[in-house]
Amino acid sequence: MLYTTVESKEHIIDLPKRVYIGNDLISSIREYLISLNLSDPFLVVTGPVVRMSITSKLFDSLSNFKYEVIEVKSADIEEVNHVEEFAKQIKANVIIGVGGGSVIDVAKYVAFRIDKEFISIPTAPSHDGITSPFAAIKGMGKPISVKAKGPLSIIADIQILSTAPRRLINAGVGDTIGKFIAVRDWKLASKITGEYYGDYTASLALLSAKHALSCTKLLNKDLRAGVRILTEALISSGVAMGMAGSTRPASGSEHLFAHAIEMLYPGKGLHGELVAIGTILMAYVHGINWRKIKKAMKRVGLPTNAKEVGIPEEGVIKALTIAHNIRPERYTILGDRGLSWSSAEKIARETGVIS
Ligand code: ZN
């Protein structure tokens, strides 16, 4: 952890100590944990869809340690309480999250609450929560991320990540492309409200978005190479959030739109898919090349029309008109007043998000 001073206020930068990225890393987990000086007992948090081929290798690698395993089905506060209770009961020193976004979210939020180290072993590159110090937990009021424990280490096994369902990989692209908007909103907010804006951090988030955009070509030709770039982009985005101390560089009006849909239509569409649609809409509002972004999304098979994720036309318009209220303290292009019904409809129609 580094400490710097920004505008005479203490600013804490939370970064992962070590990132392992490569192939067949799971069998080496034992060595990684030793080299990180971590002592057992460990609590492995996993999910019902995590493949046996992954968990059995992991358990083999952990065989000389004391560890317990707990399965979570969703990222909600009940699961968090349940896992926390178990972690305390077994006196876990380290929480190891192995799975998709929900598993990782629960694991890092529990680690934060009991102040233990957290190791992230993502099995799908579906959003940047796999690398960031923030978690999306349902049942805590608004559908926005809360502070969680940043991973001490990220173990990104490309072999595993590239065999995740393609829809989850695409969602990761969508979540990352959203940074084009998030960074613009952040810069705009700094001009309008005087909010702190970190140029270096913003550049890092922007770089993630550029990588995600360029990997849309690579993913169709060489999936593994594309997933590696996407994973690096997700890690950079997580690091940018750790540097900013907030989700600001990674979440702007495109995320507000996604959160509005998540509130209005829980369970419809993946987070990254909704962010992708939000990115097209907000790129239009910002006056940037939304057609180029939409084309890249189509290339990988991301939904670009609300119908594809089961959202009715009026749902999109409604979400656009309420998005600015979700996080009023976070200034974006939507301003304090948000969009009127007619301008929201125009934006949605012209971009083809509704047809
Ligand atoms: Zn996101």
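Residues numbered from 1 in each chain as written. Predicted model: local features only at pLDDT ≥ 70, side-chain atom pairs only at ≥ 80, totals over all residues. Heavy atoms only, no water.

Enquirer: Tell me about the coordination of the zinc ion, and name the residues and values.
Expert: For the zinc ion, every protein donor is listed as D175 (OD), H255 (NE2) and H271 (NE2), and the spread of their distances is 2.1 to 2.2 Å. We note that the donor set of the zinc ion lies within a single chain, spaced as D-x79-H-x15-H. Of this pair, H255 sits in helix α10 (residues 253–264) while H271 sits in helix α11 (residues 271–286), placing them 16 residues apart in sequence. For H271, a relative accessible area of 22% puts it in the partly exposed group. (Donors = N, O, S within 2.8 Å, 3.2 Å for Na, K, Ca; no water. Helix = DSSP H or I, 4+ residues; strand = E, 2+ residues; numbered from the N terminus. Buried < 20%, exposed > 50% of the residue type's maximum accessible area, 1.4 Å probe, protein only.)

Enquirer: Outline a positive patch on the surface, listing residues and values.
Expert: A cluster of like positive charges, contributed by K217, K221, K292, K295 and R299, occupies part of the molecular surface. Counting only elements with at least two residues in the positive patch, the list comes to α8 (199–221) and α12 (290–300). By residue number, the principal contributor to the positive patch is α12, which donates three residues. Position of K221 relative to the elements: it lies in helix α8. (Patch = residues over 30% accessible without salt bridge, like charges linked within 9 Å, V, L, I, M, F, W, Y side chains within 5 Å. Areas by Shrake-Rupley, 256 points an atom, 1.4 Å probe, with all protein chains shown as cover. Salt bridge = Lys/Arg side-chain N within 4 Å of Asp/Glu carboxyl O. Lys, Arg positive; Asp, Glu negative; His and termini not counted. Charge placed at Lys NZ, Arg CZ, Asp CG, Glu CD.)

Enquirer: Quick rundown of the confidence of the model for the chain? Include the residues and the values.
Expert: Confidence in the prediction for the chain averages 94 pLDDT; 97% of positions are at 70 or higher. Below pLDDT 50 for its whole length, residues 1–6 participates in 16 contacts with residues either more than four positions away or in separate chains. (pLDDT = per-residue confidence, 0-100. Contact = heavy atoms within 4.5 Å.)

Enquirer: Lay out the sheet that holds strand β4 (residues 42–46) in plain terms, naming residues and giving numbers.
Expert: In spatial order, the strands read β3-β10-β7-β6-β4-β5; together these six strands make up an open sheet with parallel pairing. For this open sheet the edge positions go to β3 (18–22) and β5 (67–71), each flanked by a neighbour on one side alone. For this sheet, the mean inter-axis angle between neighbouring strands, taken without regard to orientation, is 15 degrees. In this structure, strand β7 (residues 117–122) lies alongside strand β10 (residues 153–157), joined through two bridges in parallel fashion. Its bridge partner being in β10, S120 is matched across the sheet by I154. Running at roughly 170 degrees to strand β6 (residues 94–99), helix α4 (residues 101–113) makes contact with β4, β6 and β7 of the sheet. The strands touched by helix α9 (residues 223–244) are β3 and β10; relative to β3, the strand with the most contacts, the crossing angle is about 170 degrees. (Pairing = 2+ DSSP bridges. Axes fitted to C-alpha atoms, helices over the stretch in contact; angles between N-to-C directions.)

Enquirer: Lay out the pairing of β7 with the relevant residues and their values.
Expert: Within β7, five of the six residues are buried, which leaves the element mostly enclosed by the surrounding structure. As judged from the six bridges shared by β6 and β7, these two strands associate in the parallel manner. Looking at the pairing, V94 lines up with E117 of β7.

Enquirer: Go over the side chain of S253, please, and point to the residues and values.
Expert: Tracing the sequence through the fold places S253 in helix α10. A distance of 2.6 Å separates a polar atom in the side chain of S253 from a polar atom in the side chain of D185. (Polar contact = N/O pair within 3.5 Å; in protein donor to acceptor, adjacent residues only side chain to side chain.)

Enquirer: So what's going on with α4? Residues and values would help.
Expert: Given 3.6 residues per turn, any residue in an α-helix points the same way as the ones three and four places further on. With 13 residues, α4 extends 18 Å between its outermost C-alpha atoms, agreeing within 8% with the 18 Å of an ideal straight helix rising 1.5 Å per residue. Counting buried positions along α4 yields ten of 13 residues, so the element is predominantly enclosed. Tucked into the core, α4 has its buried residues touching β4, α3 (77–89), β6, β7, β8 (134–135) and β9 (146–147). Following α4 by one or two positions, D115 adopts a phi angle in the positive range, close to 50 degrees. (Expected span 1.5 Å × (residues − 1).)

Enquirer: Tell me about the packing of aromatic side chains, and please be specific about residues and values.
Expert: Counted under the stated rule, the structure contains seven aromatic pairs. A centroid spacing of 6.2 Å and a plane angle of 20 degrees characterise the contact between Y109 and F112, whose relative ring orientation is stacked. Of this pair, Y109 and F112 are both found in helix α4, three residues apart, which corresponds to roughly one turn of the helix. In this structure F112 comes out as partly exposed when scored by relative accessible area, which is 36%. Taking the centre distance of 4.9 Å and the plane angle of 65 degrees together, the rings of W186 and Y197 count as edge-to-face. Here W186 is found in helix α7 (residues 179–193), whereas its partner Y197 is found in the loop between α7 and α8, with eleven residues between them in sequence. Per residue, the accessibility class of W186 equals that of Y197, and both read buried. A cation over an aromatic ring shows up here: K147 above the ring of F134, its NZ or CZ 5.4 Å from the ring centre. (Phe/Tyr/Trp six-rings, centres within 6.5 Å; stacked < 30°, edge-to-face > 60°. Lys NZ or Arg CZ within 6 Å of the ring centre and 35° of its normal.)

Enquirer: Any details on the packing of α7 against α8? Residues and values, ideally.
Expert: Two elements in contact, α7 and α8, have axes separated by 8 Å at closest approach and are oriented at 155 degrees. It follows that α7 is roughly antiparallel to α8 by the angle criterion. Crossing of α7 against α8: the hand is left-handed. Across from K179, F180, V183 and W186 in α7, the residues of α8 making contact are T201, A202, A205, L206, A209, K210 and L213. Across the contact of α7 with α8, the residue classes tally to eight nonpolar, one polar and two charged. (Parallel < 35°, antiparallel > 145°, perpendicular 65-115°, else oblique. Left-handed = near helix turned anticlockwise from the far one by under 90°. Nonpolar A, V, L, I, M, F, W, Y, C, P; charged D, E, K, R; others polar.)

Enquirer: Kindly report on the nonpolar core, identifying the contributing residues and their values.
Expert: Of all hydrophobic cores here, the largest spans 96 residues; its most connected members are L43, V45, I95, F257, L281, V316 and L320. Per element, the largest residue contribution to this core is nine residues, and it comes from α11. Dropping the residues within four chain positions of it, V316 is found in contact with F257, I261, L281, A306, I311, A348, V353 and I354. (Core = buried A, V, L, I, M, F, W, Y, C linked by side-chain atoms within 4.5 Å.)

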